[in-house]
Amino acid sequence: MSKSTFTIEEMDIKLKTNFIGTNFIFYDEIGSTNEELLKDTSITQHGTVLFADNQFKGRGRLNREWVSYKDHSITFSILLTENINAKTINLVNFAAAVSVAESIENLFQLDVRLKWPNDVLVVTRKVCGILVESVSKGDKIERVVVGIGVNVNQPMFEGHYNVPPTSIRKEFGKIVSRERLLAEILNEFENNLAKVNRNPQSILDNWRSRCKMIGEKVKVNDGKEETFGIFEDIDENGFLLLRDLKGTKKIFSGDVTLR
Ligand code: BTN
């Protein structure tokens, strides 16, 4: 295995958080950072970040695979063990997407847009995927794992993708620091996480302002069927409100495309 080019010290200098990433676990190689943080219950510290330089069996939404490349991507998961409930999990999803969007805007001034529920795009191409998973005992949620994968320095992409991918390097025109970007995302996430309980409306409004599909005709595919309508809004939990001739219905999961 070749030595990692990721320098924890370079990330640490830029990290300004109080608890996110203060416990930082680095793996050269692992199947899935989400899987590891979900199953290793000896790790309990709220805000622990588990980062993999090479994630070879990344999990995506709707049972898809998340493909990343050693030295070119960032793949990590954040463990939350405090102040969590069913409503929070959904909002954490949105807080994570908003944090990645803000970070990319702050550092690279790109035109970042958000696609329901939590894809981060540069204009129309996907630069980041987010997968939030949890472990419950009875009706108590014990662990929430926020998994984030960002395409950072890939020069190109091969293969077939649901949404066409891009990387920050392709959009910005230069190789960029993965350490700097990771620190920025963690800094923004700590800020936005505080708002999940204090001011959830601000997270939803922030997300809305970056979603260009609201008010548009869309198709939603939940894996079983396709539904058509106008993307009216998201509700207070972040669920999609889809309007057609029969009225407005709530969509809990799926892929949205413009039609
Ligand atoms: C998606 O868009 O389908 C979500 C992709 C989420 C990928 C990240 S990479 C880090 C974390 N570990 C995983 O196995 N998946 C998430």
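Just so we're clear, the structure is a prediction, and the values are computed from it rather than from any experiment.

Novice: How should I be thinking about the overall build of the chain in this particular structure?
Specialist: Within the chain, the regular secondary structure consists of six helices and 14 strands. Relative to its length of 259 residues, the chain is compact, with a C-alpha radius of gyration of 18 Å against a globular reference of 18 Å. The dimensions of the chain, computed from C-alpha atoms along their principal axes, are 55 × 45 × 30 Å. In the chain, once contacts between residues fewer than 6 apart in sequence are set aside, the share between residues at least 24 apart is 65%.

Novice: What's the story with the site of the ligand in this structure? I'm lost.
Specialist: Around the ligand, 20 residues are found, and the nearest of them are Ser32, Gln55, Arg59, Arg61 and Lys126. Ser32 places a polar side-chain atom, nitrogen or oxygen, 2.7 Å from an oxygen atom of the ligand. Gln55 places a side-chain nitrogen or oxygen 3.0 Å from a nitrogen atom of the ligand. The biggest single contributor to the shell around the ligand is strand S8 (residues 125-137), with four residues. Within the shell around the ligand, the residues separate by chemical class into five nonpolar, eleven polar and four charged.

Novice: What am I meant to see in the pattern of salt bridges here?
Specialist: When the charged atoms of two side chains lie near each other, side chains of opposite charge can form a pair. For the structure shown, the criterion picks out 18 salt bridges. With its nearest N and O atoms 3.0 Å apart, the salt bridge here joins Asp53 to Arg178. You can see Asp53 sitting in strand S2 (residues 49-55) and its partner Arg178 sitting in helix H5 (residues 178-198), a full 125 residues away along the chain. Residues Asp53 and Arg178 agree in their burial class; the two are buried. Here the residues in one salt-bridge network are Asp53, Lys70, Asp71 and Arg178, joined through shared partners.

Novice: Can you walk me through the packing of helix H3 (residues 86-108) against helix H6 (residues 200-210) in this structure?
Specialist: Any two packed helices are characterised by how steeply their axes cross, that is the angle between the axes, and by the distance between the axes. Packing of H3 against H6 brings their axes to within 9 Å, and their N-to-C directions diverge by 55°. As summarised for this structure, H3 and H6 are arranged oblique, according to the angle between their axes. Read as a crossing pair, H3 and H6 show a hand that is left-handed. Residue-level inspection shows Leu91, Phe94, Ala95, Ala97, Val98, Ala101, Glu102 and Glu105 of H3 in contact with H6, the latter providing Pro200, Ile203, Leu204, Asn206, Trp207 and Arg210. Looking at the contact of H3 with H6 residue by residue, the class counts come to ten nonpolar, one polar and three charged.

Novice: Please clarify how the pairing of strand S6 (residues 112-115) should be interpreted in this entry.
Specialist: In regular strands, side chains alternate between the two faces of the sheet. Pairing analysis gives four bridges linking S6 to strand S7 (residues 119-122), with the strands arranged antiparallel. Considered in S7, the bridge of Leu114 is made with Val120.

Novice: What am I meant to see in the packing of aromatic side chains here?
Specialist: Describing an aromatic ring pair means giving the distance of the ring centres and the angle of the ring planes. For the structure shown, the criterion picks out eight aromatic pairs. Cluster of aromatic residues (ring-pair linked, three or more members): Phe6, Phe24, Phe26 and Phe51.

Novice: It is not clear to me how H3 should be interpreted in this structure. Could you clarify?
Specialist: Each α-helix turn comprises 3.6 residues. Residues three or four places apart therefore point the same way. For H3, which comprises 23 residues, the first-to-last C-alpha distance of 34 Å matches the rise-based estimate of 33 Å (1.5 Å per residue) to within 8%. Among the 23 residues in H3, 18 count as buried, and that is most of the element. Regarding H3, its N-cap is Asn85, as a side-chain oxygen of that residue lies 3.0 Å from the backbone nitrogen of Lys87 further along. Within two residues after H3, Gln109 carries a phi angle of roughly 50°, on the positive side.

Novice: How should the sheet that holds strand S11 (residues 226-234) be read in this particular structure?
Specialist: Whether parallel or antiparallel, the strands of a sheet pair through hydrogen bonds between backbone atoms. One open sheet holds the five strands; their spatial order is S13-S12-S11-S10-S14, and the pairing between them is antiparallel. Of all strands in the sheet, those bounded by a partner on one side alone are strand S13 (247-251) and strand S14 (255-258). The mean angle between the axes of side-by-side strands here comes to 45°, regardless of whether they run parallel or antiparallel. When strand S10 (residues 217-221) meets S11, the two strands line up antiparallel, connected through five bridges. Pairing of Val220 across the sheet is with Thr227, part of S11.

What counts and how
Starting afresh in each chain, residues are numbered from 1 along the sequence in its written order. In keeping with the predicted nature of the model, local features appear solely for residues at pLDDT of at least 70, side-chain atom pairs appear and are counted solely at 80 or more, and the whole-chain, interface and lining totals rest on all residues. In computing side-chain properties, one takes all heavy atoms of the structure into account and sets aside hydrogens as well as water. By the criteria applied, helices consist of DSSP H or I runs no shorter than four residues and strands consist of E runs no shorter than two, each listed in order from the N terminus. We compute the radius of gyration from the C-alpha atoms alone; for a globule the expected value is 2.2 Å times N to the 0.38, where N is the number of residues. We call two residues contacting when some pair of their heavy atoms lies within 4.5 Å. Any residue with a non-hydrogen atom lying within 4 Å of a molecule or strand is treated as near it. Think of a polar contact as two N or O atoms within 3.5 Å of one another; within protein, one of them needs to be a possible hydrogen donor and the other a possible acceptor, and neighboring residues in sequence only count if both atoms come from side chains. Just so you know the grouping, Ala, Val, Leu, Ile, Met, Phe, Trp, Tyr, Cys and Pro go in nonpolar, Asp, Glu, Lys and Arg go in charged, and all remaining residues, Gly too, go in polar. By definition, a salt bridge exists where a carboxyl oxygen of Asp or Glu is found within 4 Å of a side-chain nitrogen of Lys or Arg. The buried label goes to any residue with under 20% of its type's maximum accessible area, the exposed label to any with over 50%, and the partly exposed label to all in between, with areas taken from a 1.4 Å probe on protein chains only. To obtain each axis, a line is fitted to C-alpha atoms, and for helices this fit is confined to the stretch in contact; angles are then taken between N-to-C directions over 0 to 180 degrees. These descriptions rest on fixed angle ranges, namely under 35 degrees for roughly parallel, over 145 for roughly antiparallel, 65 to 115 for roughly perpendicular, and the rest for oblique. A crossing counts as left-handed when the near helix is turned anticlockwise from the far one by less than a right angle, and as right-handed when that turn is clockwise. Each pair of strands is called paired provided DSSP finds at least two bridges between the two strands. To pair, rings of Phe, Tyr and Trp, with the six-membered ring standing in for Trp, must have centres within 6.5 Å; the planes then decide the type, stacked if under 30 degrees apart, edge-to-face if over 60, and tilted in the middle. Helix span is expected to be 1.5 Å times the residue number reduced by one.

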